[in-house]
Amino acid sequence: MEILAHEAIVREAYRDGGDVWAWGVGVTDSSGHTHVQRYQDRPQTLRWCLEVYLRVLRENYMPAVEDCFRGHPLSESQFGAALSFQYNTGGLSEASWVREWKQGDDEAARASFMKWCKPPQIVHRRSRECALFFDGVWSNDGTIRECLVSKPSYKPDPKSLRTVAVSAVLEDLLPHC
């Protein structure tokens, strides 16, 4: 749910900021659920969007976190923050903050963590991930933002944003994933 707080859900295929087709919780073909364009003009259920999201996290993002921190146990909040960072950047293995943290230099690691703030709109997310990793402060309240697609551009329509509760759906899905 922490990653969901930083993302939004779009139940049909859309073109993201880089003009890449995406769907659900920012899922693209390269994230492991291929052919996301099949959802163009075909909105899916919240449950299906979250089920695919959980599978993509488990199969394609969690292994990178586990590999980067092998031999260095993480708390649940640290794992969540590292997973969010990897989901957003894909750069966990190159991030100097990981090496600095493993060497025990929390101050340098915290500063390096916050260097991953491009574009500038990401500062809020990065600050929350940093607080989660280093201070154990969770920020999600069990809701996510949902957005509709504007056509013919197929871009998310920020005017359509609304808050959706997802706790119950995730609790139902997690024992099955």
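Computed from a predicted model, the values in this text were never measured in an experiment.

For the rest of this paragraph, the subject is the nonpolar core. Counting residues in each nonpolar core, the largest one holds 49 residues, and the members touching the most others are Leu50, Tyr53, Phe69, Tyr87, Leu92 and Trp97. With eleven residues, helix 2 (residues 46-68) is the single largest residue contributor to this core. Residues contacting Leu92, with those up to four places away along its chain left out, are Ala64, Val65, Cys68, Phe69, Ala82, Phe85, Gln86, Trp97 and Val98.

Right, let's get into the side chain of Glu2. By the secondary structure assignment, Glu2 is in helix 1 (residues 2-6). For Glu2, which is buried and forms no salt bridge, the nearest opposite charge comes from Arg128, at a distance of 6.1 Å. In terms of polar contacts, Glu2 uses its side chain to reach the backbone amide nitrogen of Asn140, at 3.3 Å. The residues touching Glu2, leaving out its near neighbours within four places in the chain, are Leu132, Trp138, Ser139 and Asn140.

Here we take up the confidence of the model for the chain. Caution applies to low-pLDDT regions: their predicted coordinates should not be interpreted in detail. Per-chain confidence: the chain averages 93 in pLDDT, with 99% of residues scoring 70 or above. Mean pLDDT across the elements of the chain ranges from a minimum in helix 1, with 87, to a maximum in helix 4 (residues 96-102), with 98.

If you trace the five strands from one edge of the open sheet to the other, you get 3-2-1-4-5, paired in mixed fashion. The open sheet has two free edges, formed respectively by strand 3 (27-28) and strand 5 (155-165), since each of these has just one partner strand. Note that strand 2 (residues 21-24) and strand 3 share two bridges and pair antiparallel. Each residue of the ladder has a partner; that of Trp23, found in strand 3, is Val27. Packed onto the sheet, helix 2 meets strand 1 (8-15), strand 2, strand 3, strand 4 (143-150) and strand 5 and runs at close to 90° relative to strand 1.

The rules behind each value
- Residues numbered from 1 in each chain as written.
- Predicted model: local features only at pLDDT ≥ 70, side-chain atom pairs only at ≥ 80, totals over all residues.
- Heavy atoms only, no water.
- Core = buried A, V, L, I, M, F, W, Y, C linked by side-chain atoms within 4.5 Å.
- Buried < 20%, exposed > 50% of the residue type's maximum accessible area, 1.4 Å probe, protein only.
- Helix = DSSP H or I, 4+ residues; strand = E, 2+ residues; numbered from the N terminus.
- Contact = heavy atoms within 4.5 Å.
- Lys, Arg positive; Asp, Glu negative; His and termini not counted.
- Salt bridge = Lys/Arg side-chain N within 4 Å of Asp/Glu carboxyl O.
- Polar contact = N/O pair within 3.5 Å; in protein donor to acceptor, adjacent residues only side chain to side chain.
- pLDDT = per-residue confidence, 0-100.
- Pairing = 2+ DSSP bridges.
- Axes fitted to C-alpha atoms, helices over the stretch in contact; angles between N-to-C directions.

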